[in-house]
Amino acid sequence: MSAMYSKFHQAYENRHEYARAYPGRGVLGYMCTYAPEEVAYAAGLLPVRIVGAHEPESVTAPHIFNMFCAYCRDILAQGLTGKYDYLKGVVHVNCCEKIRNAYDSWLRHVPDTHGYYMFMPQYIWHKGAVAAFRQEVDGFRRSLEQDWGVSVGDSEMDRAIEVYNENRGLMRQVYKMMQEDHPRILGEELMAMGLSNQVMDKVDHSRLIREFLVQVEGRSGESAVRTMVIGQTDDLGLAQLLDSMGARVVVDENCFGLRYFWDQVESGGDPLTAIATRYVERAPCPVKDAQEPRRRTTFVTDLAKQYGVALAIIIYPKFCDPHGYDSPVLTEALQGMGVEVLELEQDFTIPLGQFRTRIEATLEMLQLEVS
Amino acid sequence: MPVTDVLYPTRPMDCFSKMKELRRKVAWDTWNSRENGRPLALSGEVGATAILGAFDAEILPSMPTGREMRDLDWVVKLNEAAETKGYGRDCCATLRIALGAHFLGTFGLIPGKEERLKPDVVFSLALCQGQMKAHQSYADHMGIPTTHIELPYSHPRPAELTDYFLAQSHDAIEHLEKVFGRPCDDEKLIEGVRNEWRSRLAMARIAEAQKAVPAPLKLKNFISFVVFEWRGWNHRAEVADFYEMAQAEVEERVREGIAGFGGEKVRLLHEGVLPWFSNQVLRYPEKYGGTYVASWTHFTNSGAFYQDEEGHWRVPSPPWERGLELKDRDSALRCLADLYLPNLMNNFVMERPDHRLGLARDWNVDGAVYALDRGCIGMATVLLESVILFKDAGIPVINYEMCCTNPADFDEGYYQTSIDAFMDRWR
Ligand code: SF4
Ligand code: SF4
């Protein structure tokens, strides 16, 4: 296999420098991928996901109870220590209670923060969910117009939708390639592409994907244990570890990967309704998939089938209850279709040594079953 | 051990025996629901149960029973059962032990019989995402459908989301008609909505009576009233009647200067959920003349309040006093929206610290004790921001950690030592 394409990785590593140098109207941070980014982009702002640094911190203890997930404490720590001092505002769409605490504490203690809060239905199948969210998206649009003296009309939104949809289409193209028997793309590249996507202007990111696709053309593939990462992780360490052990992430159902970009906005018609519909109907996260029949289980098992997955790794931050409630259900469904499942828990950092041992044991078992 | 002076007269509440009787009656109605040909919903907590009342449905509470909460060995077993099935300590502790009871096959077991009640549907007015996920797991386990109405929280424009609340409520009624195989009786819906309003207003007035010095009730006694709300029975006429009777008695105690705790010297606020398995937590400060008189958690769970522009807590007037008619299904549902959207403070997560400060001031609280509950994420959200606000306002505050349903996670000795030190400032 040819050398790794590292530009996604670099872009992610240099996210703060990139954002500081951004030539547009400024940068807006968001904490949850249900934030309707297209609207902020249409207002000339760069929406970026606020992510953790994966380092121990000592600043959030007075604000967030220590049994809340490491992710929400890590992102708040970034705000409190000034890592995001370039943000013009923080937008939050309600998902779980814990991250709402992070958002609230951010507004209270990070100076000069413009906060934008939106309600987003948790029961996404309800009549009226799209209309309710459309109302909130419109409120967000109006707040941006008022706060930054810009006009966000239909044409600006149509253009933003186009840019986002194009990027989503390209991401899907890369994921499609992972269905090959001998994938040509490393798991780390796939994950780095997803992570960098959340911190870059989509025009720049799409350019990188095109460049990447050209490079991949000339590569030959490799066989590896086909692995799916499920849950929530923004640490590249896991994909690197798997690559080094003969396992390959061929698909994911990760908040920092596929779940973020998978669904397009239907263009044409009222852009606010189109955006609201996309977010209500997109691949659900465990917080939103709270009703019967479950959507997420079917979504995950369908992906596992399409990508011929042999091993599924369910990983999410310690003390995350929405993922905690879904994990037993997903495990049962995946095992029922013959997929080996390994559940891993992540804190501020990934305990690589411990993970290695557990993954090794699982891989050994899988090889035995295969032979 | 300090000696507590008796400063005020006390006497037991007359209505407690009535409460016990009523509790038995409604529980009995639940256990006999099948024999009586009634539909059954797994529900409780928060409200909108008038919708179930419109179908004559009985309610099997989704919360664990008192027996499950107090029997320590049993609680440990329930926790283990949930854990074995993969539901770890991250999940809401209260609903996790109910999940344990589902797995052990004891959930809904009819007292004195081998039989278990199987509800037709899980119904909830959903507030906390942990509750929503746990209810989904119950439905999965029992193989029954769910119908939920979500309380939209939109900062700062809740009223704009009334349409969404209404759309969901109409939707829920249509779904329940299919699940129960009977039509919604709109007259009963109207009656139930009126009763939910009455129950919550009476509880709010009882909470308000706690502003008096001495407070007419110990917090423990106030919490014992909340049972009807937790169990989803606020829409029943006899429950609303009972609450109004209790309100009259509490107000009479205020007029007569009767105290919940006769040694009241220091008025305390207890915040967060309590360790259900310990009877002593609320009583402990009494040896120093301290008594818990208020709690944002329990006042907002059971009453109806809003905060005015000066930060004072206010009780809303009922819709029928504001010219809102309760005449058909839609107007009844609008009155439910009118109750829960603006007046369920619980739902305004980011305003909680300010609510709590307003509460401490309005109820003349001297100090606050915060329970950082590892098991209830819903109530622990932004709790520490409230601690900061209290400190800034000069109100003494301490916190302790525990898990409301897991005795292994509560160090009672540590709690007592912290209270010993905390109460020292008022000696
Ligand atoms: S969903 Fe889980 S990981 Fe995400 S903020 Fe909530 S608790 Fe944390
Ligand atoms: S509020 Fe607390 S006890 Fe209630 S469902 Fe949420 S986490 Fe559980």
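Structure shown above.
Here's a quick rundown of the structure. In this convention, every chain numbers its residues from 1, walking through the sequence in written order. Here the convention is simple: chains get letters from A, ligands get numbers from 1, in the order in which they are written. Reporting in this predicted model follows two pLDDT cut-offs: at least 70 for local features of residues, and 80 or more for side-chain atom pairs to be given and counted; totals over whole chains, interfaces and linings ignore these cut-offs and use all residues. The basis for the side-chain values is all heavy atoms of the structure; hydrogens and waters are excluded.

## Overview of the side chain of His 355 of chain B
Mapped onto the elements, His 355 of chain B comes out in helix 14 (residues 352-362). In this view, His 355 of chain B contacts Trp 296, Gln 307, Trp 313, Met 345 and Phe 348 of chain B; residues no more than four positions away in its chain are not counted. Per the convention used, a helix needs a DSSP run of H or I reaching at least four residues, while a strand needs a run of E reaching at least two, with both numbered from the N terminus. Note on contacts: a residue pair is in contact if any heavy atoms of the two residues lie within 4.5 Å.

## Looking at the site of ligand 2
Residue and element names in this part refer to chain B. In the vicinity of ligand 2, the contacting residues are Glu 45, Cys 92, Thr 94, Leu 95, Cys 128, Gln 131, Cys 376, Ile 377 and Gly 378. The rule is simple: put a 1 Å grid over the protein atoms alone, call a set of points where a 1.4 Å probe fits but cannot get out a cavity, call an open set with protein on both sides within 12 Å along at least five of seven lines a pocket, and count a residue as lining if it has an atom within 4 Å of a point. The rule for placing a molecule in a cavity or pocket is simple: more than half of its atoms must lie within 2 Å of the grid points. For ligand 2, the cavity whose grid points lie within 2 Å of the majority of its atoms is the largest cavity. Those elements that place two or more of their residues in the shell around ligand 2 are helix 5 (93-104) and helix 15 (377-380). Three classes are used, and their members are as follows: Ala, Val, Leu, Ile, Met, Phe, Trp, Tyr, Cys and Pro are nonpolar, Asp, Glu, Lys and Arg are charged, and the others, Gly among them, are polar. Counted by class, the shell around ligand 2 contains five nonpolar, three polar and one charged residues. Nearness here has a simple test: a residue counts as near a molecule or strand if at least one of its heavy atoms is within 4 Å of that partner.

## Considering the sheet that holds strand 10 (residues 397-402) of chain B
Residue and element names in this part refer to chain B. Taken together, four strands build an open sheet; the order of strands is 6-5-9-10 and the sheet is parallel. Two strands close off the open sheet at either side, each with one partner strand: strand 6 (290-294) and strand 10. Across the sheet, the axes of successive neighbouring strands diverge by a mean angle of 35°, strand direction being ignored. In short, DSSP must find at least two bridges between two strands for them to pair. Of the pairings in the sheet, the one linking strand 5 (residues 266-271) to strand 6 comprises four bridges and is parallel in character. Lines fitted to C-alpha atoms define the axes here, with helix axes fitted over just the stretch in contact, and angles between the N-to-C directions of these axes take values from 0 to 180 degrees.

## Some remarks on the packing of helix 4 (residues 72-84) of chain B against helix 5 of chain B
Each pair of packed helices can be summarised by the angle the axes make with each other and by the distance between the axes. Residues and elements named next belong to chain B. Where helix 4 contacts helix 5, the axes come no closer than 7 Å and their chain directions differ by 80°. Relative to helix 5, the element helix 4 lies roughly perpendicular. Between helix 4 and helix 5, the residues in contact are Trp 74, Val 75, Lys 77, Leu 78, Asn 79, Ala 81, Ala 82 and Glu 83 and Arg 96, Ile 97, Gly 100, Ala 101, Phe 103 and Leu 104, respectively. The residue inventory of the contact of helix 4 with helix 5, partitioned by class, reads nine nonpolar, two polar and three charged. Reported orientations rely on four angle classes, namely roughly parallel under 35 degrees, roughly antiparallel over 145, roughly perpendicular from 65 to 115, and oblique for the rest.

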